[in-house]
Amino acid sequence: MPPVGPVGKEPIPKAFGVAGLQAKSPPASARTPIYATTLQAPPPPPKAPGNPTVQGGPAIKPLGLGGAVKQLPQAFSSHFHLDRLESQTGRKDIGAILGTTGRPTRMLVKVVGGVLNYCDPQQHNMIFPVDSMWKVVVGIHPKKAPNASASILDRLQALICDPRVSAISELGLDFSCPPKTFKSQEGLLDRILRMGVSGRMLVLHMPGDTDLDPGGTQPSRLGRAALKKHCSRHQQVHIHCCQLTLTEAVAWRKVFPHAYFSYNASVSRLGDDQRKALEGVPLNQLLLETDSPHLSPDQEVPINTPAYIGEVVARVAEVRQEAVALVISATKDNALRLYGHR
């Protein structure tokens, strides 16, 4: 009979490490200590020594496995979907995460960790990594709100109590969906916030109507009001796939000073006001993500993976008019400070 997990009745999920599926974590001497242990504000980022190498050319091996890539700048993908990535690529665990598809990455980095997002209820029996550089977050995507049954919510509440779960994700309002779903989405957001999530990090998803509200102003305001009702101003918030306008970004920082803003390859499509918001995010509150397998950097990459996080770094650095080395160092440190102790 398999061992019983913390929920009480379910088997402990399998775990993966840097060499694939394995029963034990690699020895401490084989792992790089990459995690911060406090939530203190980061020290001023070091002056950038220059930009990492940008390359095209022949296909490269998967990144992040040590050896020849140790000299590369270290990056952290703060949001991606391993379950969907495995399904689309046919690869498993590290092979899916660190492999490339289509063309090779044009910005070589060493992927030192990331956040595995499980927001589809049918995938809640997720894999928990053994290696602490990979974090698990769990939730119910707003699009799934109409089908969020009592049993699904009970399962979520049990997972929220699991110490291996680092945050609740994705939480919020998705107004790119048909308006008839808005009421159920707002109800789901309220029910989850009533579960006693204060103090647990919340990963927010708040897109607006693609044509009428590309900055997501309406879901942003409603979501902020809901969090303000249930959470203190000290609540840690991770705004995933950020497309906020400057006004909304400032409002979030005012109400929740510990808000972090995460950007991906879609920065290339931001409007002027959204670009100003990105420019105005304090460097110590900036995160980067791939949201893979979604939001590929271009059509030459059929399935996005965290291996392309270096290209997100380059695009964000260009918008902010900052050195690539500065952005990659600061965003990695921010992610490890936010997720490293969890």
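To be clear, the structure that these remarks concern was listed above.
Residues numbered from 1 in each chain as written. Predicted model: local features only at pLDDT ≥ 70, side-chain atom pairs only at ≥ 80, totals over all residues. Heavy atoms only, no water.

(A) How the structure looks around the pattern of salt bridges. Applying the stated criterion across every chain yields a total of 11 salt bridges. Among the ionic pairs, Asp298 bridges to Arg103, the shortest N-O distance being 2.7 Å. Of the two residues, Asp298 sits in the loop between strand E10 (286–288) and helix H8 (309–320) while Arg103 sits in the loop between helix H2 (93–98) and strand E4 (110–118), which places them 195 residues apart along the sequence. You can call Asp298 partly exposed: its relative accessible area is 23%. Here Asp190 and Arg194 are joined by a salt bridge, their closest N and O atoms 2.7 Å apart. Overall, the relative accessible area of 54% leaves Arg194 in the exposed class. Each of the salt bridges in this network shares a partner with another, and the network as a whole consists of Arg103, Arg106, Asp298, Glu300 and Glu311. (Salt bridge = Lys/Arg side-chain N within 4 Å of Asp/Glu carboxyl O. Helix = DSSP H or I, 4+ residues; strand = E, 2+ residues; numbered from the N terminus. Buried < 20%, exposed > 50% of the residue type's maximum accessible area, 1.4 Å probe, protein only.)

(B) Inspection of the packing of helix H6 (residues 246–255) against helix H7 (residues 272–280) at higher detail. As a packed pair, H6 and H7 sit with axes 7 Å apart at the nearest point and diverge in direction by 35°. In this structure, H6 contributes Leu246, Ala249 and Arg253 to the contact, and H7 contributes Asp273, Lys276, Ala277 and Gly280. Split by residue class, the contact of H6 with H7 holds three nonpolar, one polar and three charged. (Axes fitted to C-alpha atoms, helices over the stretch in contact; angles between N-to-C directions. Contact = heavy atoms within 4.5 Å. Nonpolar A, V, L, I, M, F, W, Y, C, P; charged D, E, K, R; others polar.)

(C) Structural view of the environment of Tyr260. By the secondary structure assignment, Tyr260 is in strand E9 (residues 259–263). Judged by its relative accessible area of 8%, Tyr260 falls in the buried class. As for Tyr260 and Asn334, which are separated by 74 residues in sequence, their C-alpha atoms are 8.7 Å apart. For Tyr260, the contacting residues outside a window of four places in its chain are Val237, His238, Ile239, Asn284, Gln285, Leu287, Asn334, Arg337 and Leu338. At 3.0 Å, the side chain of Tyr260 and the side chain of Arg337 are in polar contact. (Polar contact = N/O pair within 3.5 Å; in protein donor to acceptor, adjacent residues only side chain to side chain.)

(D) Summary view of the sheet that holds strand E7 (residues 201–205). Taken together, the eight strands give an open sheet; going across it, the order is E3-E4-E5-E6-E7-E8-E9-E10, and neighbouring strands pair in parallel fashion. Two strands close off the open sheet at either side, each with one partner strand: strand E3 (74–80) and E10. Geometrically, the sheet is characterised by an average inter-axis angle of 25° between neighbouring strands, direction not taken into account. Pairing between E7 and strand E8 (residues 237–239): three bridges, direction parallel. (Pairing = 2+ DSSP bridges.)

(E) Highlighting the layout of surface pockets. Considering only enclosed or pocket space, the largest pocket measures out at about 670 Å³ in volume. What lines the largest pocket is a set of 32 residues, and nearest its centre among them are His205, Pro207, Cys241, Gln243 and Leu295. Grouping the amino acids of the lining of the largest pocket by side-chain chemistry returns 10 nonpolar, 13 polar and nine charged. (1 Å grid on protein atoms, 1.4 Å probe; cavity = no way out; pocket = protein on both sides within 12 Å on 5 of 7 lines; lining within 4 Å. Points joined across faces, edges and corners; volume = space filled by probe spheres on them.)

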